[in-house]
Every structure is written in structure tokens, then in C-alpha cells.
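Here is how the chains run, residue by residue.
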Amino acid sequence: MLLQLSGIWKEYQIDEQVVFTALKDINLTIDEGEFTAIVGPSGSGKSTLMHLIGLLDHPSRGKIKIRNKDITILNDDEISTLRSEFVGFVFQSFNLINKLTVLENILIPTIYARKKLDYNPEEKAKYLIERFGLQGKENSYPNKISGGQQQRVAMARALIMDPKLILADEPTGNLDTKSGNEIMKLLKELNKTDRRTIVIVTHEADIATQTNRLIKMVDGQIVKI
Amino acid sequence: MNYFLFIIKSAAFDFSRNKGRTFLTSLGILIGVLSVVLLTAFGLGLKKYIADQFESLGTNLLRVLPGQPLRSGGFSGGPSSFGTIHFEEKDVVKLSRLRSLEVVVPVYYKSMDVVAGKNTEFATVYMTNSDVFKAINLNTEYGAPFTKQDVEKRSKVVVIGPKIAENLFADQKAAVDRSLKIEGQTFKVLGVLGAKGGGFGGPDLDSFIYMPYKTGYIFNTDKQFIILILKVKSDQSIETAKTEANDILLKRFKKDDFSIVEQGEILSAINSIFAVLNTVLIAIAAISLVVGGIGIMNIMYVTVTERIKEIGIRRALGARKKDILYQFLVESVILSLLGGLMGLLLAALIILFVQRFFPAYIDLQSIMLALGVSSAIGVIFGVFPAKKAADLAPIEAIRYE
């Protein structure tokens, strides 16, 4: 078991009287090596769930355990460290930093790394650049390359710290079908050959069917696992 | 890639993308540092200038003054504290017997109209003996100084400063052997002195007229002196000479009626006045540094708001709060330091130019201070915006559009 959510609630205080409940009593276990899709209409809470899994947000109630360790009691620095080492993010809008080159973007997580890396980050970045077909773009700036290329840079960035878990939030949402398919192919490959655990949030049924496990959400609740 | 190198590169990119904004923001610090460094440099220059002037007026000098004008290190009470006593020739004679003294120079001075042909100048006439030239380093450029005999014979001769020579006779050299009139009396110009400089608020030494004191009794009917200048034989015997002269004068005057001051005491009294003035000016200039700091704080808040998304991305990729804090602090320090460096550079250029006329200079201390203060301003005024950036919730930041 890689990740376990038990009795997770996420509530937002809209004003004094109104409380919006984004997640209701979520219980979910994700095992190592899984390739999971979280699907659901917009507003179903799937993004909120992903933010909780990605340690970007914390639940109002409930426990999140990573490898049997309760992380809801950790402080901000410890959470940041865990985020740096445990999760790799791929976002819908790529979220690259435009003032840094492709290579520098890929290296950002290593700048903030607290653990000693047992590999040379630059060499690893170059390997990932080659693996994802980005040769020659190392010193380009993100706004000078195509969307598909940008998303592959984001994937290289997500992998540079060698995380157990890759979280992809609508990874194909901003891409044309061809680029989207390429990204999906890479994600599948990462799951199959690298044995990485992958969670995709998507509203595209077509994408969801390519995964091994489907989690369907409606109104902040999991309706089908 | 090194952590700080990475942060600095990222800051440099933002600065180069907003060149105009970066420059305008550092301008406040630039002006602050420029004015503080310039004022410090001028203060140092003034101190050096005064010291040089004193040096050129002779060394190992003691001045006997009426009253206690220099009590407790500053001019206390203003001109009125100059007492009413006067020195007489017998004091000069008694003091001259002291072994420790080389010469004793009595001085009476009066400002009067001096006429040569059609030209009239209002000038200070120093009535003194022939030792004055040796005591305060006066050398004649043209002609010769007056002698002991001129004093004894009450010769109607004068030695004049180069500036007044030019004003009265159009040419320094031509002034020798010409005559001038002071209050209806005619005097022959024996010599013209070399230039000493002066002005800048102090006495204009080059416009003085020197006259044998006995001749001067025409204007000084009470035969009294205002100041006695004592030149001591060597600097080791200054204290001895001071005590001995004091003992002699105490026989005739009360303790508080006169004072014997060293050149150095006068120098430090003048310096302390200028130091206070300079400090006040620098303090006023330092206000502009605070204003500059506020400008930096303002722009850092704008920068943080513009880059909320970037902060969110960095947090998602593992940056801790303090990583974000450092990033923005480094940026504000660079911004402030940039202004400080430019201010320092501009100040150096101005001082380099000014040095042709005035011995102003920038010392290492003010360089360190300028850079230290501008870094400190960067930290102080950068910490609040940086804290704001660091405290953003990662999820809010990354969702921000």
C-alpha cells in the first residue's frame, strides 16, 4: 500500500452560515504500481482529491497515510520535503516557468531537494530530455516550444526526483489529440516499464479507459472504485 | 546548479525584463547613497582642508587669547566670551625671556579702508612684529618682509597679501615699492606674500595687510594686543611652554581672563562644529534612503503579486516557505545593492571631479557603510513582501491566474 485515505472530508467556509463540502468521507487506497484514473464531472471534487493526494492541500478531517505513515500531523517543511521526494506533478496548463530554460525547469525540484541525490541531476535531466524526444530544446524557453513538448518537459520535471507517485491533472486537456496520445503513451510506459504509480485526473472517458483502475466521483463522493 | 546562483539568475531575469522598473526602484537608494557618500566625502575633505590650512599656518604654535573661548572643547558662549583684557608690550617682553619659546608675536588687528590710486579695499590690518613671518610661515613672493628695525623705527611700511595686491595694484609684482593710504596715512609696500588660500568661510588670509606694530600705534592708541602667538622651539616642549607662559601671565591676569590654546585644540574645536553639522546633514540625507527602501518594498509587493503562480509552482515542486522567502529577499537585496553600487559609482565620479578644487575623498569606511546600509535596506524592506510570498498557501498560489 502506497497511499491510504480514510474518512477524508474537505470543507470550505463560504461565509458565516454556508459551508461548502467538497469531499465527503473519502476512503481510498492506492497501491504501488497502480495506474489509476479519477473521473467525474467538474465540481465533483476530483481536483480537490488530487490536491490532497499531492500534498498541496490538507483535509478538514480524516487521515492520509503514505506507506503507513500519517502525514496529516507533519509541519509545512516536512510536507514540502515529502512533496519534493514523493510526488511528481503534471498539470493541465504545464506550469513551466517561462523565464527558465527547458533544462533549468526540469532541474527546479533538485534545487529544493533536501536529500542527497545518488545521481547527477544534470545527467538525469539530459537522459529524460532524450527519452522524451526533447533533444536540442535544452536551452529553449518554454514559450518557444509546442504544447506537446511543454508537457513532456513537465513530465521530465516530474521524474527528476525519482518519485514513487506521478500525479497528472488533465494532462492532455490543453493538447491536440496527437500530442495527447503521445503523453498517454509515455505515462503508460512509465507505469509499465518503470513501475511508477500513476494517478490521472480527467473528465475524458477515452483517457480513463486507458488506465487499469477507474475511480468515479460525483458530488464529493466516490461512487465507483 | 547552485541554489543561490539559481535564485540570482531568476532575479536577474526579472530585472532585465523590467529594466525601467528596476532602475526606477533602485533610483531611490541611488540618490540616498549618493547624497550620504557625497556629504561624508565633503565632510572628510573639509576636515583635511582645515588641517592643511592650520599646518600651513605654522606648527608648534600656542595662542594666548583673552577669556575662555574654547572651554570644554567647543566655542562656548560665542564672541561675547572673549574677555575684556588686553595684552601689552611688557607681556611680550616677559614671555620672550622663556627658553622654551622661539618667538613671541603680539597681534593687534583692525579692519580699515585701504586706498591705492582709485582703488579702495576694506581689509584687515595685522599689526605685529617681524617674527610673524617665521611663526606662521609667511613668505614674500615679491619684495621683502619688514624687519626688526622697521618695527623700532616705526617705518611706515606694510607687507600685503597677494589678493589685495592684485585688487589694489592690478599686478602683484608691480605692488612692491608702491604706496597705499590707510586712514589718510601713507605706507610703502615692502613686499607681497605668496598665496595661502583660504576663503571657504574662514578668514581670507591672502587679503591681509601686515604692519610693524609700533607703526600701528597710530591706529592702536592704547598700545594693546588682542592675541599673542607663541612659537615653541620643539613639539616636545609645548606642554612646558604652556605651563611657563601660564605662570607668567597669572601674575598679571586672573585665571579665567585668558587662555592658552594649542593649534590642535582650535583645530579640534572647529572640527567638532563641522562634525556636528555634517552629521545632521548626513542624517537628513539618510531619510532619502528610507524613502528608497519604501519604494523597494512597494515594488516587491507588486512582484510577489505578479508571481503568485510561479510561487505556487515552486511550492508544488518541493520548495519550502523559507526557500520562497530567500528568493524574494535576495531579489530585494540585489535591487537595493544595485542602487547602492550605482550611487557609490556616481559619487566617486563626482568626487573625482571635485578633487580638482577641494580635497574631498571617499574612505573605505563609507564604501563599506554604503554597501552595508543598502543591503540592510534590501533585507528590512524586502522581508515583509517576501514573508507574504512565503506564506501563500501552495494550493491557492498554483490555482491563481
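What you see is a predicted model; the values in this text were computed from it and never measured.

**Details of empty space enclosed by the protein**
Logical step 1: Under the criterion given, the structure shown has three cavities of 30 Å³ or more.
Logical step 2: The computed volume of the largest cavity comes to approximately 120 Å³.
Logical step 3: In terms of lining, the largest cavity is formed by 14 residues, of which the most central are F15, N18, R21, T22 and T303 of chain B.
Logical step 4: Of all elements in the fold, only helix 1 (3-17), helix 2 (19-56), helix 9 (263-306) and helix 11 (321-354) of chain B reach the threshold of two or more residues within the lining of the largest cavity.
Logical step 5: Tallying contributions element by element places helix 9 of chain B first for the lining of the largest cavity, with four residues.
Logical step 6: Of the residues assigned to the lining of the largest cavity, the class counts are four nonpolar, four polar and six charged.
Logical step 7: Looking at the second largest cavity, its volume works out to about 60 Å³.
Logical step 8: Of all the elements in the fold, those that place two or more residues in the lining of the second largest cavity are helix 2 (76-86), strand 6 (87-90) and helix 5 (147-159) of chain A.

**Here's the deal with the interface of chain B and chain A**
Logical step 1: Taken together, the contact pairs 26 residues of chain B with 26 residues of chain A.
Logical step 2: For the pair chain B and chain A, the summed buried surface comes to about 2,600 Å²; carbon and sulfur atoms form 62% of the total.
Logical step 3: Counting every contact that joins chain B to chain A gives five salt bridges.
Logical step 4: With a closest N to O distance of 3.7 Å, D323 of chain B and R114 of chain A form a salt bridge.
Logical step 5: Our count for the contact surface shared by chain B and chain A stands at eight residue pairs in polar contact (both at pLDDT 80 or more).
Logical step 6: If you list the elements that add at least two residues to the side of chain B that touches chain A, you get helix 1, helix 10 (308-316), helix 11 and helix 13 (394-399) of chain B.

**A short note on the pairing of strand 8 (residues 209-212) of chain B**
All names here are of chain B.
Logical step 1: Burial along strand 8 is two-sided: the residues I209 and M211 and Y210 and P212 are all buried.
Logical step 2: Here four bridges tie strand 3 (residues 119-128) to strand 8, and the two strands are oriented parallel to one another. Within the sheet, the bridge partner assigned to Y126 lies in strand 8 and is Y210.
Logical step 3: Direction of pairing for strand 5 (residues 157-160) relative to strand 8: antiparallel, over a ladder of two bridges. Across the sheet, residue V159 finds its bridge partner in strand 8, namely Y210.

**Remarks on the side chain of Q150 of chain A**
All names here are of chain A.
Logical step 1: Along the polypeptide, Q150 turns up in helix 5.
Logical step 2: Under the relative-accessibility criterion, Q150 is labelled buried at 13%.
Logical step 3: Polar contacts involving the side chain of Q150 include one to the main-chain carbonyl oxygen of I145, which spans 3.3 Å.
Logical step 4: Ignoring sequence-local partners within four residues, the contact set of Q150 consists of F94, L96, P142 and I145.

**Things to note about the confidence of the model for chain B**
Residues and elements named next belong to chain B.
Logical step 1: The pLDDT averaged across chain B works out to 88; a share of 95% of its residues lies at or above 70.
Logical step 2: At the level of individual helices and strands, chain B shows its lowest average pLDDT in helix 1, which scores 81, and its highest in helix 10, which scores 95.
Logical step 3: Considering only residues more than four positions removed or in separate chains, one finds that residues 73-81, a stretch of pLDDT under 50, has 16 contacts.
Logical step 4: For this predicted complex, the interface score ipTM comes out at 0.94, while the overall pTM is 0.75.

**Looking at the packing of helix 2 of chain B against helix 11 of chain B**
Axis angle and axis distance: for two packed helices, these are the angle between their axes and the distance between the axes, and together they describe the pair.
Residues and elements named next belong to chain B.
Logical step 1: For the pair helix 2 and helix 11, the least separation of the axes is 7 Å and the interaxial angle reads 40°. Classified by the interaxial angle, the pair formed by helix 2 and helix 11 is oblique. Where helix 2 crosses over helix 11, the handedness of that crossing is right-handed.
Logical step 2: By residue class, the composition of the contact of helix 2 with helix 11 is 18 nonpolar, seven polar and no charged.

**A few points about a positive patch on the surface**
Logical step 1: Among the surface-exposed residues, K90, K94, R97 and K251 of chain B lie close enough to one another that they form a single positively charged patch.
Logical step 2: Here K90 of chain B lies in helix 3 (residues 89-96).

**Some words on the sheet that holds strand 7 (residues 165-169) of chain A**
Within a sheet, adjacent strands bond to each other through the backbone by hydrogen bonds, running parallel or antiparallel.
All names here are of chain A.
Logical step 1: Across the sheet, which stays open at both edges, the six strands sit in the order 6-7-8-3-9-10 with mixed pairing between neighbours. What marks the edges here is a single partner per strand, and that holds for strand 6 and strand 10 (221-224). Between one strand and the next, the sheet's axes are offset by a mean angle of 25°, whatever the strand orientation.
Logical step 2: Relative to strand 8 (residues 197-202), strand 7 runs parallel, the two sharing five bridges. Residue pairing in the sheet places L165 in a bridge with T197 of strand 8.
Logical step 3: Where helix 2 meets the sheet, it contacts strand 6 and strand 7, and its direction lies at approximately 70° from that of strand 6.

**Remarks on unusual backbone geometry**
Logical step 1: Located in the positive-phi region is N68 of chain A, a residue other than glycine, with phi close to 70°.
Logical step 2: Note on placement: N68 of chain A falls in the loop between strand 4 (61-66) and strand 5 (69-70).
Logical step 3: Of the residues examined, N68 of chain A reaches a relative accessible area of 57% and is grouped as exposed.
Logical step 4: Residue E183 of chain B is not a glycine yet carries a positive backbone phi of 45°.
Logical step 5: Secondary-structure assignment places E183 of chain B in the loop between strand 6 (179-182) and strand 7 (185-193).

**Notes on the packing of helix 9 of chain B against helix 11 of chain B**
Residue and element names in this part refer to chain B.
Logical step 1: With their axes 11 Å apart at the nearest point, helix 9 and helix 11 run at an angle of 140° to one another. As judged from the angle between their axes, helix 9 and helix 11 are oblique. The two elements helix 9 and helix 11 meet at a crossing, and its hand is right-handed. Counting all contacts with helix 9, which are made through I296, I299, M300, T303 and V304, the residues of helix 11 involved are F328, E331, S332, L335 and S336.

Rules behind the numbers
Residues numbered from 1 in each chain as written. Chains lettered and ligands numbered in written order. Predicted model: local features only at pLDDT ≥ 70, side-chain atom pairs only at ≥ 80, totals over all residues. Heavy atoms only, no water. 1 Å grid on protein atoms, 1.4 Å probe; cavity = no way out; pocket = protein on both sides within 12 Å on 5 of 7 lines; lining within 4 Å. Points joined across faces, edges and corners; volume = space filled by probe spheres on them. Helix = DSSP H or I, 4+ residues; strand = E, 2+ residues; numbered from the N terminus. Nonpolar A, V, L, I, M, F, W, Y, C, P; charged D, E, K, R; others polar. Contact = heavy atoms within 4.5 Å. Buried area = accessible area lost by both parts, 1.4 Å probe. Salt bridge = Lys/Arg side-chain N within 4 Å of Asp/Glu carboxyl O. Polar contact = N/O pair within 3.5 Å; in protein donor to acceptor, adjacent residues only side chain to side chain. Buried < 20%, exposed > 50% of the residue type's maximum accessible area, 1.4 Å probe, protein only. Pairing = 2+ DSSP bridges. pLDDT = per-residue confidence, 0-100. Axes fitted to C-alpha atoms, helices over the stretch in contact; angles between N-to-C directions. Parallel < 35°, antiparallel > 145°, perpendicular 65-115°, else oblique. Left-handed = near helix turned anticlockwise from the far one by under 90°. Patch = residues over 30% accessible without salt bridge, like charges linked within 9 Å, V, L, I, M, F, W, Y side chains within 5 Å. Areas by Shrake-Rupley, 256 points an atom, 1.4 Å probe, with all protein chains shown as cover. Lys, Arg positive; Asp, Glu negative; His and termini not counted. Charge placed at Lys NZ, Arg CZ, Asp CG, Glu CD.

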